[in-house]
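Chain by chain, the residues:
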Amino acid sequence: IIATGATAKYLGLPSETKFRGQGVSACATCDGAFYRGKDVAVVGGGDSACEEAVFLTRFCSSVKIIHRRGEFRASKIMADRALSNPKIEPVWDSVVDEILPDENGLCRGVVVRNAKTGEKSEIACKAVFVAIGHKPNTDIFKGILEMDDEGYIVPLSGTQVKTNVENVFVAGDCADKTFRQAITASAMGCMAAILASS
């Protein structure tokens, strides 16, 4: 049973690595409540970014969505949900260049660069949630198991856990790019275990 998961993608900034766990996160569900009443930022423009931003409005005073394009890549329903929320403000055509520290070594904001003009500005925020996708941890199985273009293992048609190799099963985020939740991964693991033991 392959259950290698997926790893959140980050921006690759040195300051981002330094502040991971100190104001930089890839999981609003995990860390959002730590920033109750604070201003935060989300980086990304897909469904995940919009969903994370909407979730964060439960706790945070304001959420800025920093996106490198002039419109979201998210589905219309998710984009509309984010744009209609009074706590959410998009920052279009912008990329994050640096995470800024406060006097205690925690995040106090970001430097953003306009992708069209090159102009830089600062956005004050106590946390940055990076929502630019995940990479499945499946490189070791390339050329052996059937995968999609992103590297997610593709279960056989009509099943959720069987792979193209007999008696090899898959469970969780290495095959599931839609839900990516512990409860669905556990359910897949249970199905795979039942099939593997039969």
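The rules behind the values
Residues numbered from 1 in each chain as written. Predicted model: local features only at pLDDT ≥ 70, side-chain atom pairs only at ≥ 80, totals over all residues. Heavy atoms only, no water. Disulfide = S-S within 2.5 Å. Buried < 20%, exposed > 50% of the residue type's maximum accessible area, 1.4 Å probe, protein only. Phe/Tyr/Trp six-rings, centres within 6.5 Å; stacked < 30°, edge-to-face > 60°. Helix = DSSP H or I, 4+ residues; strand = E, 2+ residues; numbered from the N terminus. Pairing = 2+ DSSP bridges. Axes fitted to C-alpha atoms, helices over the stretch in contact; angles between N-to-C directions. Contact = heavy atoms within 4.5 Å. Polar contact = N/O pair within 3.5 Å; in protein donor to acceptor, adjacent residues only side chain to side chain. Salt bridge = Lys/Arg side-chain N within 4 Å of Asp/Glu carboxyl O. Arc of directions from axis to C-beta.

Enquirer: I would appreciate a short explanation of the state of the cysteines in the present structure.
Expert: What we call a disulfide is simply a covalent bond connecting the sulfur atoms of a pair of cysteines. Counted under the stated rule, the structure contains one disulfide. Lacking any disulfide linkage, Cys-190 is separated from the closest cysteine sulfur, that of Cys-174, by 16 Å. Owing to a relative accessible area of 45%, Cys-190 belongs among the partly exposed residues under this scheme.

Enquirer: What is the right way to look at the packing of aromatic side chains in this model?
Expert: Between two aromatic rings, the relevant description is the distance of the centres plus the angle of the planes. Counted under the stated rule, the structure contains three aromatic pairs. The interplanar angle of 85° and the centroid separation of 6.0 Å between the aromatic rings of Tyr-35 and Phe-129 together place this pair among those described as edge-to-face. Of this pair, Tyr-35 sits in the loop between helix H2 (28–31) and strand S3 (39–43) while Phe-129 is found in strand S9 (residues 127–130), placing the two residues 94 residues apart along the sequence. Each member of the pair Tyr-35 and Phe-129 is classed as buried.

Enquirer: How should the sheet that holds strand S4 (residues 62–66) be read in this particular structure?
Expert: For sheets, the rule is that strands pair by backbone hydrogen bonds, running either parallel or antiparallel. Strand order in the open sheet formed by five strands is S2-S9-S3-S4-S5, with parallel pairing between adjacent strands. Of all strands in the sheet, those bounded by a partner on one side alone are strand S2 (24–25) and strand S5 (88–91). In this sheet, S4 lies alongside S3 in parallel orientation, the contact comprising five bridges. Looking at the pairing, Val-43 lines up with Ile-66 of S4.

Enquirer: How should the sheet that holds strand S8 (residues 120–124) be read in this particular structure?
Expert: The sheet built from three strands is open, its strands ordered S6-S7-S8 with antiparallel pairing. Taken across any chain shown, the strands that pair with only one partner, and hence form the sheet edges, are strand S6 (94–101) and S8. For this sheet, the mean inter-axis angle between neighbouring strands, taken without regard to orientation, is 30°. Where S6 lies against strand S7 (residues 107–114), seven bridges are found, and the strand directions are antiparallel. The residue of S7 that forms the bridge with Leu-100 is Gly-109.

Enquirer: What am I meant to see in the environment of Ser-25 here?
Expert: Tracing the backbone through its elements, the reader meets Ser-25 in strand S2. Note on Ser-25: relative accessible area 6%, which makes it buried. In sequence terms Ser-25 and Ala-127 are 102 residues apart; their C-alpha atoms lie 7.6 Å from each other. The contact partners of Ser-25, leaving out residues within four places of it in the chain, are Tyr-10, Asp-31, Val-128, Phe-129 and Val-130. Of note is the side chain of Ser-25, whose polar atom sits 3.0 Å from the backbone nitrogen of Cys-27.

Enquirer: Explanation requested: the pattern of salt bridges in the structure shown.
Expert: Proximity of charged atoms lets side chains of opposite charge pair with each other. What the rule picks out here adds up to ten salt bridges. Here Glu-89 and Lys-64 are joined by a salt bridge, their closest N and O atoms 3.7 Å apart. Of this pair, Glu-89 sits in strand S5 while Lys-64 sits in strand S4, placing them 25 residues apart in sequence. Residue Glu-89 is classed as partly exposed on the basis of its relative accessible area of 43%. With a closest N to O distance of 3.0 Å, Arg-113 and Asp-97 form a salt bridge. Taken together, the positions of Arg-113 in strand S7 and Asp-97 in strand S6 put the pair 16 residues apart, joining distant regions of the chain. Bridged by salt links that share partners, the residues Asp-97, Arg-113 and Lys-120 form one connected network.

Enquirer: Would you mind going over helix H3 (residues 47–56) with me for this structure?
Expert: Working note: α-helix, 3.6 residues per turn, so residues spaced by three or four point in the same direction. Looking only at H3, the buried set comprises Ala-49, Cys-50, Glu-52, Ala-53, Phe-55 and Leu-56. The elements touched by buried residues of H3 are H2, S3, S4, helix H4 (76–83), S5 and S9.

Enquirer: How should H4 be read in this particular structure?
Expert: For H4, the set of buried residues is Met-78, Ala-79 and Ala-82. Taken down its axis, H4 places every buried residue within 100° of arc, on the same side. Summarising the geometry of H4, the exposed residues directed more than 90 degrees from the buried face are Lys-76 and Ile-77. Check the buried side of H4 and you find it contacts H3, S4 and S5.

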